[in-house]
Amino acid sequence: MKKIKAFLLAFVLSVVTVILIVTGIKIHNQQFTTDENNTVRYNFNYAKFKNRELLEKNIDKDTLVVLGSSELSVGFNEPYHYTSLFNYRDFHIMPIGGGNFQNIIQAFTLGSIGDSIVNKKLVISESFGWFDQYGIDPKAFISRISTEHMYYALKNENLKLETRTKLINRAIELAKDNTVMKERFERFKRVLIDGEGNFWDEFLVKMDVEKSDLITETRFSIYSQVKLRPYSGDVTPDYNWDELLKNAEADAKERTNNNEFGIENNTFNKNIKNNMEKRKGKDYFYKYSDSPEYSDFELLLEIAKELGLDVRVINFPINGKWNDYIGVDAEQRKIYREKLTNIVQSYGYSIFDLGDKEYEPYYMFDTVHPGWKAWIEASRDLYQFFKQSNVN
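The rules behind the values
- Residues numbered from 1 in each chain as written.
- Predicted model: local features only at pLDDT ≥ 70, side-chain atom pairs only at ≥ 80, totals over all residues.
- Heavy atoms only, no water.
- Helix = DSSP H or I, 4+ residues; strand = E, 2+ residues; numbered from the N terminus.
- Buried < 20%, exposed > 50% of the residue type's maximum accessible area, 1.4 Å probe, protein only.
- Areas by Shrake-Rupley, 256 points an atom, 1.4 Å probe, with all protein chains shown as cover.
- Pairing = 2+ DSSP bridges.
- Axes fitted to C-alpha atoms, helices over the stretch in contact; angles between N-to-C directions.
- Contact = heavy atoms within 4.5 Å.
- Left-handed = near helix turned anticlockwise from the far one by under 90°.
- Nonpolar A, V, L, I, M, F, W, Y, C, P; charged D, E, K, R; others polar.
- Parallel < 35°, antiparallel > 145°, perpendicular 65-115°, else oblique.
- Expected span 1.5 Å × (residues − 1).
- Arc of directions from axis to C-beta.
- Polar contact = N/O pair within 3.5 Å; in protein donor to acceptor, adjacent residues only side chain to side chain.
- Salt bridge = Lys/Arg side-chain N within 4 Å of Asp/Glu carboxyl O.
- Core = buried A, V, L, I, M, F, W, Y, C linked by side-chain atoms within 4.5 Å.

The next point concerns the overall build of the protein chain. When its secondary structure is counted, the protein chain shows 17 helices and 5 strands. Burial status across the protein chain gives 55% buried among its 392 residues. Summing over all exposed atoms, the protein chain offers an accessible surface of approximately 18400 Å²; the carbon and sulfur share of this is 52%.

Printed below as a string of structure tokens:
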């Protein structure tokens, strides 16, 4: 009897401790979720992207949600970057995505938080490199998927059952070599899609979601080096975009002058210079005409359509000289642009395509990420898109 009492006491104390820790973390994070700053919005810790509450609390009527990947953070705080241009109360960005946050990841994210986009505006940034014949790496998918977003996307009755079924089936497919995650996703399907889960299934699903919320919020609070980022002012300046382009070009000219590829000097010296011969022609086998990523992209657009969102897709340029060097055929790049545009237009959405700038200087920061002029032009387009009346 004493052992039972001791066990129950220990269990109760453990629960109370966890509750106190979680409460403390949430209180701590409240300072970042006010309408007085862009602290959470312009933080690129992956825990933020995976935590539903952190995202939803920082989306207001003046927020433009942008789904993408690592291109969203490269150039962070540079004068040409949107984090510098749009740090104002009346207009700001909520970037969601880092490396390997590809379309299927963002489909779950949007299914989870899409109803909180009060202005119904959404931008999706697409990356050429995702659309090879392989699509997303299953291991990358497992590392990026948010249990919380999966749960709320599958519960979202504003999405068709057919769409939610496609979502979870794709997740199960990508987890086929990971027994633990495959079983978890199948359990989610039983409970949330098929309505066939038992008490134990439902309990485990709830525990998975609560654990996910606790882990991501804790990681954000402790590991993301959160620094308060107050607004620069109330009203976004009336920018002279031509002048901003001119200044960006002057800066880029000085910072990309040690290589023939237009890559930022330090990045070239650190990551590329000593590996040039190893990289030459090595990517000749990648093809972009047929990829699972196109279907994942269509699923993301279908979710946006079912949620009644007005969508603008951005296709940033790639580094043409570099891709020629590593063997990625120019014809393959053309195929990708055409397929992407056709898919976007088939859903009634618009695309801002910078793909024809692949050989123009000062548009790229490195081999794959946009830089100076690309971000100035994209930022102007983002702002204009936000100011337009909704079409839905």
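Read across the sheet, 5 strands follow the order β2-β1-β3-β4-β5 without closing on themselves; strand pairing throughout is parallel. With partners counted over all chains shown, the strands left at the sheet margins are β2 (92–96) and β5 (350–353), one partner each. For this sheet, the mean inter-axis angle between neighbouring strands, taken without regard to orientation, is 25°. Across the sheet, helix α5 (residues 103–113) lies against β1 (63–67), β2 and β3 (121–126), angled at about 125° from β2, the strand it touches most. Most of the contacts of helix α16 (residues 330–346) go to β5, to which it runs at about 155°, and overall it touches β3, β4 (310–315) and β5.

At a minimum axis distance of 9 Å, the contact between helix α9 (residues 179–194) and helix α10 (residues 199–223) shows a crossing angle of 115°. Pair α9 / α10 crosses with left-handed handedness. Between α9 and α10, the residues in contact are Arg184, Arg187, Phe188, Arg190 and Val191 and Asp201, Glu202, Leu204, Val205, Asp208, Val209 and Lys211, respectively. When the residues that make up the contact of α9 with α10 are grouped by side-chain class, the tally is 5 nonpolar, no polar and 7 charged.

A positive phi angle, close to 70°, is found at Asn100, a residue other than glycine. Residue position: Asn100 is located in the loop between β2 and α5. You will see that Lys120, though not glycine, has its phi angle at about 65°, which is positive. Tracing the chain through its elements places Lys120 in the loop between α5 and β3.

Between α5 and helix α14 (residues 292–306), whose axes approach to 8 Å, the crossing angle comes to 15°. Between α5 and α14, the interaxial angle falls into the category roughly parallel. Relative to α14, α5 is oriented so that their crossing is left-handed. Where α5 abuts α14, its residues Asn103, Ile104, Gln106, Ala107, Leu110 and Gly111 lie against Glu293, Asp296, Phe297, Leu299, Leu300, Ile303 and Ala304.

Taking 1.5 Å as the rise per residue, helix α11 (residues 241–255) with 15 residues should run 21 Å; its terminal C-alpha atoms sit 21 Å apart, in good agreement. For α11, the complete set of buried residues consists of Trp241, Leu244, Leu245, Ala248 and Ala252. The buried residues of α11 occupy one face: seen down the axis, they fall within an arc of 100°. Residues of α11 that are exposed and angled more than 90 degrees away from the buried face: Asp242, Lys246, Lys253 and Glu254. Its buried side turned inward, α11 meets α4 (82–85) and α17 (372–387).

On the secondary structure map, Gln133 appears in the loop between β3 and α6 (138–144). The spacing of Gln133 and Lys287 is 154 residues in sequence and 5.7 Å in space, taken between C-alpha atoms. Among residues more than four places away in sequence, those in contact with Gln133 are Phe285, Tyr286, Lys287, Asp290 and Pro292. Here Phe285 takes part through its backbone oxygen, which lies 3.0 Å from a polar atom of the side chain of Gln133. Here the side chain of Gln133 touches Lys287 through a polar contact of 2.8 Å, landing on its backbone nitrogen.

Since there are 3.6 residues in each turn of an α-helix, residues three or four apart along the chain are aligned in direction. Compared with the 21 Å implied by 1.5 Å per residue over 15 residues, the 21 Å span of α14 between its first and last C-alpha is a close match. If you check which residues of α14 are buried, you get Glu293, Tyr294, Asp296, Phe297, Leu299, Leu300, Leu301, Ile303, Ala304 and Glu306. Tucked inside the fold, the buried residues of α14 contact β1, α5, β3, α8 (161–174), β4 and α16. Its side-chain oxygen 3.0 Å from the backbone nitrogen of Glu293, Ser291 forms the N-cap of α14. Gly308 sits one or two residues past α14 and shows a positive phi near 75°.

Evaluated as defined, the whole model comprises 22 salt bridges. A salt bridge links Arg255 to Glu78; its shortest N-O distance comes to 2.9 Å. With Arg255 in helix α11 and Glu78 in the loop between β1 and α4, this residue pair connects regions lying 177 residues apart in the sequence. Among the residues examined, Arg255 registers a relative accessible area of 21% and is labelled partly exposed.

To continue, consider the nonpolar core. Grouped together as the largest cluster of nonpolar side chains are 107 residues, with contacts concentrated most on Phe86, Ile104, Phe108, Leu110, Leu122, Phe141 and Phe185. Looking at which element gives the most residues to this core, the answer is α17, with 9 residues. Excluding anything up to four places from it in sequence, Leu122 contacts Leu64, Val65, Leu67, Leu110, Ile117, Ala304, Leu309, Asp310, Val311, Arg312 and Phe385. Counting residues in each nonpolar core, the second largest holds 5 residues, with Val40, Leu54, Phe220 and Val226 among its members.

Mapped onto the elements of the fold, Ala175 is located in the loop between α8 and α9. Residues Ala175 and Ile142 lie 33 residues apart in sequence; the distance between their C-alpha atoms is 7.1 Å. Among residues more than four places away in sequence, those in contact with Ala175 are Ile142, Met181, Lys182 and Phe185.

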